[in-house]
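Take a look at the letters that make up each chain.
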Amino acid sequence: MAIVAPSILSADFANLERDCKKVVDAGAAYLHIDVMDGMFVPNITIGPCVVKSLRPTSNAVFDVHLMIEQPERYIDEFAKAGADIITVHVESTENIQLCTDKIKAHGIRAALTLKPGTPIEVTDPYLNQVDMILVMTVEPGFGGQKFMPDMLPKVEWLDKQRTNHNYSYLIEVDGGVNSENARCLVDAGVDVLVAGSSVFCAKDIAQAVEFFNDVNRK
Ligand code: DX5
Ligand code: ZN
């Protein structure tokens with residue numbers, strides 16, 4: 001069974017608690033929280049104070065995706081605010097190891113991610129120690145973009161490495177995930193489907209959550 005991680009970037013920020021509750025009540029185990037600084041990506045979104053305010057309202061796994069320059073500066077704050085998983089971009093720091101160490105020091109899960117143009121092999125030295133690898137299937141920065149099918153080989157490579165070396169990381173994809181591509185992603189090895197607009201802009205949000213949760217690997 002896939003895990004759906006609704007991206008709250010597509011929620012109504014004036015009613016964040018209500019919208020989070022809606023997807024969690026419908027069965028979403030994770031909430032995907034997109035943090036952008038206007039530098040690493042051309043958009044600004046959520047800071048640690050929002051994560052802190054949301055924390056007491058939900059038992060969901062807070063899956064915090066940092067799209068910020070030098071994320072090592074803010075890992076402690078997001079961990080203290082209540083993140084359960086912190087994901088950093090390999091392009092955003094010269095200290096990938098420091099980032100994963102800092103995240104793990106808080107007893108939470110560490111994940112790495114990469115932009116579409118970055119080769120997946122960059123993650124290789126860290127595969128034996130991370131809890132999750134996130135494959136970006138759009139250019140990070142905005143919700144509602146078109147899925148890039150040519151990112152699928154990255155998922156297949158990660159799945160193969162995992163099997164060959166007995167690694168335990170989860171594979172997550174983020175960007176343009178919808179009811180048409182979810183199945184082939186899960187078949188390729190994806191465990192966690194981030195879905196923003198296809199959940200929050202759906203006519204029936206609960207039905208959309210159930211749909212993604214029910215996608216099984218062949
Ligand atoms: C993009 C973000 C995504 C985004 C996904 O930079 O990382 O999480 O919200 O939104 P959709 O599912 O609409 O592509
Ligand atoms: Zn994201």
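Being a predicted model, the structure only gives us computed values, none of them experimental.

Things to note about the overall build of the protein chain
Across its full length, the protein chain holds eight helices and eight strands. For 218 residues, the compact-globule estimate of 2.2 N^0.38 gives 17 Å, and the C-alpha radius of gyration of the protein chain, at 16 Å, lies within 12% of that figure. Scored against the burial criterion, the 218 residues of the protein chain give a buried share of 54%. When contacts within the protein chain are restricted to residue pairs at least 6 apart in sequence, those whose partners lie at least 24 apart make up 65%. Only carbon and sulfur atoms are counted for the fraction: they give 50% of the accessible area of the protein chain, which is about 9,600 Å². If you average the places of the 19 positive and of the 30 negative side-chain charges in the protein chain, the two averages end up 3 Å apart.

Let's talk about the coordination of the zinc ion (ligand 2)
The protein atoms that coordinate the zinc ion (ligand 2) are His-32 (NE2), Asp-34 (OD), His-65 (ND1) and Asp-174 (OD), at distances spanning 2.0 to 2.3 Å. Viewed at the metal, the six donor atoms of the zinc ion (ligand 2) are separated by angles of 68 to 168 degrees, and the geometry they form is octahedral. Every donor residue of the zinc ion (ligand 2) comes from the same chain, spaced as H-x1-D-x30-H-x108-D. Of this pair, His-32 sits in strand β2 (residues 30-36) while Asp-174 sits in strand β7 (residues 170-174), placing them 142 residues apart in sequence.

Conventions and cut-offs
- Residues numbered from 1 in each chain as written.
- Chains lettered and ligands numbered in written order.
- Predicted model: local features only at pLDDT ≥ 70, side-chain atom pairs only at ≥ 80, totals over all residues.
- Heavy atoms only, no water.
- Helix = DSSP H or I, 4+ residues; strand = E, 2+ residues; numbered from the N terminus.
- Rg over C-alpha atoms; globule rule 2.2 N^0.38 Å.
- Buried < 20%, exposed > 50% of the residue type's maximum accessible area, 1.4 Å probe, protein only.
- Contact = heavy atoms within 4.5 Å.
- Areas by Shrake-Rupley, 256 points an atom, 1.4 Å probe, with all protein chains shown as cover.
- Lys, Arg positive; Asp, Glu negative; His and termini not counted.
- Charge placed at Lys NZ, Arg CZ, Asp CG, Glu CD.
- Donors = N, O, S within 2.8 Å, 3.2 Å for Na, K, Ca; no water.
- Tetrahedral: all angles 85-135°; square planar, octahedral: opposite > 155°, others 65-115°.

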